[in-house]
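Here is what each chain is made of, one letter per residue.
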Amino acid sequence: PLFLGDWLRNNDIESREVAEKEIKRLQSWGAVSLKQYLQPRREQRQWISDVARKQKLIVTGEGSDLPYNLSMIMDGQTAWEHPLTPAPIYSDVARFLGKARAIYSPTFVVGGLGAWNEEYFYQQGEVWKDPKLRRFLPWRQLVPHTRRRMMRPLTDYSFPLIAQGLADIIAEGGFGAIGSHGQQHGIAAHWEVWMAASALGPMGALELASSHGAHFLGAPKDLGSIEVDKLADLMVLDSDPIADIRATTDIAWVMKGGVLYDANTLDEVWPQPRPYGAYPWVDSEIFRSDDRPIDYWDQSK
């Protein structure tokens, strides 16, 4: 990222020369994509876009209000994250962004013209009891916040309007991407797909999560579809997501780099069966249920 300001991890883009220096520094570390993070002046954003174009780098951005987002795309950025502030968007906005082949990643779970949409799923069920999340996440990253359920009228949640805006941009020639913002590791990526399906339909949502995502990353030659010479990364489902988009979580196997894994255990299945082994992030003491007194640890010293 290229943050605004002059302090730790930030970049005070005070001239085109500074923009070029900072971008080349990040590229020397291996960056293929930059995030222009709310640089306040349009000329700063233009410097970043111009230098990145010459260095053959992608530039996405932190989204803001509609005029800010439109100016980013006008000046050569390829994408932005977070929802457009107006909803619904009108056809002139959708057409402009579509013709520019812009990429819109709404990050539905943190988006909201009001309540954050992740809370929709917390009120639908007990997320903290999901067996796969309990297996693969330290409890501190799962239990404390997911046990608190916000009960709101369903009309408080704005994802259908955000999804329709994304669908309109795609229909005009643009692209999209999912982006769960690290809100709830694992399951939130599926929530993004489910919310997108409210306007794009199941197939459109699956394309958003795969081929559109690969385009967003600048890696369509390697990712996003099952083709010869692409990386062998895929999921095998036990249910049909076209019939029910929520079947995306019904994963039987995962293949990564041509190695097949059991999706429920991460044991290797092929080409050589091999158990995953102990989960280093699991503290077995939290599952203990016995009659030891609460001063047990003091007594053992």
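In this report, the structure presented in the accompanying data block is examined.

The rules we used
- Residues numbered from 1 in each chain as written.
- Predicted model: local features only at pLDDT ≥ 70, side-chain atom pairs only at ≥ 80, totals over all residues.
- Heavy atoms only, no water.
- Patch = residues over 30% accessible without salt bridge, like charges linked within 9 Å, V, L, I, M, F, W, Y side chains within 5 Å.
- Areas by Shrake-Rupley, 256 points an atom, 1.4 Å probe, with all protein chains shown as cover.
- Salt bridge = Lys/Arg side-chain N within 4 Å of Asp/Glu carboxyl O.
- Helix = DSSP H or I, 4+ residues; strand = E, 2+ residues; numbered from the N terminus.
- Buried < 20%, exposed > 50% of the residue type's maximum accessible area, 1.4 Å probe, protein only.
- Contact = heavy atoms within 4.5 Å.
- 1 Å grid on protein atoms, 1.4 Å probe; cavity = no way out; pocket = protein on both sides within 12 Å on 5 of 7 lines; lining within 4 Å.
- Points joined across faces, edges and corners; volume = space filled by probe spheres on them.

## Some details on a nonpolar patch on the surface
Logical step 1: Together, Leu-4, Trp-7 and Leu-8 give the surface a local cluster of nonpolar side chains, amounting to about 370 Å² of exposed area.
Logical step 2: Secondary-structure assignment places Trp-7 in the loop between strand 1 (2–3) and helix 1 (16–28).
Logical step 3: You can call Trp-7 exposed: its relative accessible area is 55%.

## Some remarks on the side chain of Asn-69
Logical step 1: Looking at the element boundaries, Asn-69 is found in helix 3 (residues 66–74).
Logical step 2: In contact with Asn-69, not counting residues within four places along its chain, are Gly-63, Ser-64, Trp-80 and Leu-84.

## What about the layout of surface pockets?
Logical step 1: Estimated volume of the largest pocket: approximately 1700 Å³.
Logical step 2: Taken together, 47 residues form the lining of the largest pocket, with Ile-178, His-190, Ala-209, Leu-234 and Met-235 sitting closest to its centre.
Logical step 3: Residue assignment for the lining of the largest pocket shows that the elements contributing at least two residues are helix 6 (131–136), helix 9 (187–216), strand 7 (234–237) and strand 8 (251–256).
Logical step 4: For the lining of the largest pocket, the leading source of residues is helix 9, giving 14 residues.

## Observations concerning the pattern of salt bridges
Logical step 1: Under the definition given, this model contains 15 salt bridges.
Logical step 2: Glu-20 is the partner of Lys-24 in a salt bridge, and the nearest nitrogen-oxygen pair spans 3.1 Å. With a gap of four residues between them, Lys-24 and Glu-20 both fall in helix 1, about one helical turn apart.
Logical step 3: The structure contains a network of salt bridges with shared partners spanning Arg-16, Glu-20, Lys-24, Asp-50, Arg-53 and Lys-54.

## Focus on unusual backbone geometry
Logical step 1: Ala-87 connects to Pro-88 through a cis peptide bond whose omega is 0°.
Logical step 2: Of note, Pro-88 is situated in the loop between strand 4 (79–81) and helix 4 (91–99).
Logical step 3: Looking along the chain, the bond that leaves Trp-270 and enters Pro-271 is cis, with omega of 10°.
Logical step 4: One can find Pro-271 in the loop between strand 10 (268–270) and helix 10 (296–299).
Logical step 5: Despite not being glycine, Lys-56 shows a phi value in the positive range, around 60°.
Logical step 6: With respect to the element layout, Lys-56 can be found in the loop between helix 2 (42–55) and strand 3 (58–61).
Logical step 7: Residue Asp-229 is not a glycine yet carries a positive backbone phi of 80°.
Logical step 8: Position of Asp-229 among the secondary structure elements: in the loop between helix 9 and strand 7.

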